[in-house]
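# Coordinates in review
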Amino acid sequence: MKNVGVAYHEFYEKHDTGYHPERAERVIHTKNQLEELDLFGDGHKSHFHTIIPRLAELTEIQWCHSPQLIEKIQQLSTRAQKWDELLFTDGIYGDTIISGSSFRAARYAIGGNFQAIDDIMSHKIDRSFILCRPPGHHANNTEARGFCFFNNIILAAEYLIHKWGLKKVAIVDFDAHAGNGSEEILNNRNADGEILFFSIHQHPATLYPGTCFVDEIGEGKQKGKTVNLTVLPYSGQKCIQNLFNQIINPMMEEFKPEFILVSAGYDSHHADTLTAMGLMDQTYSYIIQELAKMSSKFAKNRIQCTLEGGYNLVAIGNSIANTINSLAEDKVLFVEDDNYDESQKGIEFTMNQLIPELQDHLKPFWSTF
């Protein structure tokens, strides 16, 4: 059994978005469910541990974001607090809402990732889950968007490289929406260390943000290290298994990551109404089990997940519980009847078009292909 830390802070609830899909109930419901299952809180099982997030320093956020963006979010949050109202980060209308507590919540989301990394690297725990909001993977160097202010997952990777001196970090993003902000930051990155980035997402021709197609494999130093696994709507676990077997695991074997980070977005669940992917509760256990094999082989068991999307409360609660228990290498807690009608068209597309196309684009950079 692995020791797993769960990071949570009350400011994750105080980031007020009003009547909005990315709302506080997402983490409140999940926290309550984890407590009922003894995975978090008072009376938790002995191999689960509570992580107290710290505030990220503004200089640390500048590893990925411009001073102008940081100042903008801080000022908007201060204004929202003064006026006691909600504002949009992108003008009068938009999708990314900011409240008086949002800037501090965002710093705690980043700091939760940093504190958990410190606990893993100092051998207090083996793995971790950051039950945070706001999410991060749509934010790029200069823009807050897609419910995201700052890019938690890329900042976590930079922290591993800057603070702990790691050379190779792998990231797997399984949110239904492409991690476009993550990819844009990586394309502009010139710092030390290598970051291998996988984004498993619904085909961008069918869903926001409409970018991150299969032929986008990174730019500059990142070229060949960004992998967009663009599944068709209603693709489910069979497609995910094929992508791990044919693309992700072979590349991990060649890359040999020292640490695995996960952008854990549960809007890829078939019950989520904002998207059309077809993953089940147990699919998230499968993903963690596959990553655990790689982490035990190359990364000294080190895996950290940070929450991105996921808007169906039942689905996100069950799926995160499965994720955390699988990080501990314990049993799968929630198993849906295997009767989800996964698209045969999606399976055929993944096997006959997506995988060969990925291999063709990546072949110049990876000997495994």
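Everything numeric in this text was worked out from a predicted model, so none of it was measured.

Moving on, we come to the overall build of the protein chain. Secondary structure summary: the protein chain contains 11 helices and 10 strands in total. On C-alpha atoms alone, the protein chain measures out to a radius of gyration of 19 Å, which is about the 21 Å that the 2.2 N^0.38 rule sets for 369 residues. Its C-alpha atoms put the protein chain at 55 × 45 × 40 Å along the principal axes. Looking at the protein chain as a whole, 62% of its 369 residues qualify as buried. A fraction of 79% describes how many contacts in the protein chain between residues 6 or more apart in sequence connect residues 24 or more apart. Counting every atom, the protein chain has about 13900 Å² of accessible surface; 47% of that belongs to carbon and sulfur.

Turning our eyes to something else, we now look at the nonpolar core. If you look at soluble globular proteins, the nonpolar side chains tend to sit buried side by side. Core analysis: the largest hydrophobic core is formed by 110 residues, its most contacted members being Phe129 and Phe150. Per element, the largest residue contribution to this core is 11 residues, and it comes from helix α5 (residues 102-121). If near-sequence neighbours (up to four positions away) are discounted, Phe129 is found in contact with Gly5, Val6, Ala7, Ala264, Tyr266, Cys305, Leu307, Ile320, Thr323, Ile324 and Leu327.

We now examine helix α4 (residues 67-83). When the terminal C-alpha atoms of α4 are compared, their 24 Å separation across 17 residues agrees well with the 24 Å that a helix rising 1.5 Å per residue should span. Lining the buried residues of α4 we find α3 (58-61), β3 (87-88), β4 (97-98) and α5. With its phi angle positive at about 55°, Asp84 sits one or two positions after the end of α4.

For Lys225, the location among the structural elements is in the loop between β7 (194-202) and β8 (226-231). Each C-alpha atom, one on Lys225 and one on Ile61, is 23 Å from the other, the two residues being 164 residues apart in sequence. Residues within four places of Lys225 in sequence aside, it is in contact with Glu194, Ile195, Leu196, Phe197 and Ile217.

One pass over the full model with this rule turns up 15 salt bridges. A salt bridge links Lys2 to Glu329; the shortest N-O distance between them is 3.7 Å. Residue Lys2 is found in the segment before β1 (4-7), and its partner Glu329 is found in the loop between α10 (313-327) and α11 (344-362); the two are separated by 327 residues along the sequence. Between Glu25 and Arg23 there is a salt bridge; the shortest N-O distance is 3.9 Å. With a relative accessible area of 23%, Arg23 lands in the partly exposed category. When salt bridges that share partners are traced, they join Lys2, Arg127 and Glu329 into one network.

Attention now goes to the side chain of His15. Within the element layout of this structure, His15 appears in the loop between α1 (11-14) and α2 (25-36). In this structure His15 comes out as buried when scored by relative accessible area, which is 1%. Once residues within four sequence positions are removed from consideration, His15 is found in contact with Glu22, Ile97, Ser99, Ser101, Ser102, Ala105, Arg133, Pro134 and Phe149.

Right, let's get into the pairing of strand β10 (residues 303-307). Within β10, 5 of the 5 residues are buried, which leaves it mostly tucked inside the rest of the structure. Every second residue of β10 is oriented toward a common face, with Ile303, Cys305 and Leu307 on one face and Gln304 and Thr306 on the other, all of them buried. In the sheet, strand β5 (residues 127-130) pairs with β10 via 4 bridges, with the strands oriented parallel. Bridging across to β10, Ser128 finds its partner in Gln304. Where strand β9 (residues 259-264) and β10 come together, 5 bridges link them in parallel fashion. Bridged to Ala264 within β10 is Leu307. Each parallel crossover has a hand, and for β9 linked through helix α9 (residues 281-298) to β10 it is right-handed.

Read from one edge to the other, the open sheet built from 8 strands follows the order β2-β1-β5-β10-β9-β6-β7-β8, with strand pairing classed as parallel. Of all the strands in the sheet, just β2 (48-51) and β8 have a single pairing partner and so form its edges. When the angles between neighbouring strand axes are averaged without regard to direction, this sheet yields 15°. With respect to the sheet, α5 is in contact with β1, β2, β5, β9 and β10, its orientation differing from that of β5 by roughly 170°.

Scoring rules and cut-offs
- Residues numbered from 1 in each chain as written.
- Predicted model: local features only at pLDDT ≥ 70, side-chain atom pairs only at ≥ 80, totals over all residues.
- Heavy atoms only, no water.
- Helix = DSSP H or I, 4+ residues; strand = E, 2+ residues; numbered from the N terminus.
- Rg over C-alpha atoms; globule rule 2.2 N^0.38 Å.
- Buried < 20%, exposed > 50% of the residue type's maximum accessible area, 1.4 Å probe, protein only.
- Contact = heavy atoms within 4.5 Å.
- Areas by Shrake-Rupley, 256 points an atom, 1.4 Å probe, with all protein chains shown as cover.
- Core = buried A, V, L, I, M, F, W, Y, C linked by side-chain atoms within 4.5 Å.
- Expected span 1.5 Å × (residues − 1).
- Salt bridge = Lys/Arg side-chain N within 4 Å of Asp/Glu carboxyl O.
- Pairing = 2+ DSSP bridges.
- Right-handed = clockwise from strand over helix to strand, strands pointing away.
- Axes fitted to C-alpha atoms, helices over the stretch in contact; angles between N-to-C directions.

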